[in-house]
Amino acid sequence: MTAPVLQPSVAPSTLRTATLWLFRLLTIPQAALFVLQPISIGSFLQGSWAAFDLHSITGGLLVLPTMLTAAVGLALAVLARAPWVAVGSIALGILTTAQVAVGHTRLLVVHIPLGVLLVALALCLAIWPWTKGARWH
């Protein structure tokens, strides 16, 4: 009598799939708001004070969803065995909070390059969950 052989699951687990969908639903609008930031500050530089207010308010509002994304990203990283997702998600939350603080001090030499990094990171986190690698990692 031979012992039964356990075959690895080919399809991702239901929990991982649900977490992936939650991550997708969080990162898409979040990335859109991050992309809005340089557009709004560019409009401010063209003379619109309302655009500056939009930039400031949007930056402050992004702190909470990035923290939620960090928590879901950590769970997804464990389930999908993709540690970089946790690192990127947590970094996005922490750096967004720092970005808001630096913006309020008007330290533009840090605020502008950090903003570029945040937009790129937010876009990477929003695109990755739609790739084949995310579904079958």
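A brief look at the structure comes next.

Cut-offs used in this document
The written sequence of each chain sets the order in which its residues are numbered from 1. This being a predicted model, a pLDDT of at least 70 is required before a residue's local features are given, and a value of 80 or more before pairs of side-chain atoms are given or counted; all residues contribute to the totals for chains, interfaces and linings. In computing side-chain properties, one takes all heavy atoms of the structure into account and sets aside hydrogens as well as water. Numbering of helices and strands runs from the N terminus, with a helix taken as a DSSP run of H or I at least four residues long and a strand as a DSSP run of E at least two residues long. The contact criterion used throughout is that any non-hydrogen atoms of two residues lie within 4.5 Å. Orientation is described by lines fitted to C-alpha atoms, with helices fitted over the stretch in contact, and by angles between N-to-C directions that extend from 0 to 180 degrees. Angular relationships are summarised with four words: roughly parallel below 35 degrees, roughly antiparallel beyond 145, roughly perpendicular across 65 to 115, and oblique for the angles in between. Two helices crossing with the near one rotated counterclockwise from the far one by less than a right angle form a left-handed crossing, whereas a clockwise rotation gives a right-handed crossing. We call Asp, Glu, Lys and Arg charged. Ala, Val, Leu, Ile, Met, Phe, Trp, Tyr, Cys and Pro are nonpolar, and the rest, Gly among them, are polar. Cavity and pocket criteria rest on a 1 Å grid covering protein atoms alone: a 1.4 Å probe that fits but cannot get out defines a cavity, protein on both sides within 12 Å along at least 5 of 7 lines defines an open pocket, and an atom within 4 Å of a point defines a lining residue. Grid points are joined across faces, edges and corners, and a volume is the space filled by probe spheres set on the points. Between buried and exposed lies partly exposed: a residue is buried under 20% and exposed over 50% of the maximum accessible area for its type, with that area taken using a 1.4 Å probe on protein chains only.

Now for the environment of valine 85. The residue valine 85 is located in helix H3 (residues 83–105) in this model. For the pair valine 85 and alanine 70, spaced 15 residues apart in sequence, the C-alpha to C-alpha distance is 8.9 Å. Excluding residues within four positions of it along the chain, valine 85 makes contact with Phe23, Gly73, Leu76, Ala77, Leu125 and Trp128.

Next up on the list: the packing of helix H1 (residues 14–45) against H3. Between H1 and H3, the shortest axis-to-axis distance is 14 Å and the interhelical angle comes to 40 degrees. On the basis of the axis angle, H1 is oblique to H3. Classified by chirality, the crossing of H3 by H1 is left-handed. Packed against H1, whose contacting residues are Phe23, Gln30 and Phe34, the element H3 presents Val85, Ser89, Leu92 and Thr96 at the interface. Of the residues contributing to the contact of H1 with H3, the split by class is four nonpolar, three polar and no charged.

Right, let's talk about the layout of surface pockets for a bit. Roughly 700 Å³ of internal volume is contained in the largest pocket. Along the walls of the largest pocket sit 25 residues, with Ile41, His55, Gln99, Leu108 and His111 positioned nearest its centre. Residue assignment for the lining of the largest pocket shows that the elements contributing at least two residues are H1, helix H2 (49–80), H3 and helix H4 (108–127). A total of seven residues in the lining of the largest pocket trace back to one element, the largest contributor, which is H4. Residue classes in the lining of the largest pocket are distributed as 13 nonpolar, eleven polar and one charged.

On to the environment of isoleucine 57. The residue isoleucine 57 is located in helix H2 in this model. Its relative accessible area of 53% is what places isoleucine 57 among the exposed residues.

Mapped onto the secondary structure, glutamine 37 falls in helix H1. In contact with glutamine 37, other than residues within four places in its own chain, are Leu54, His55, Thr58, Gly59 and Leu62.

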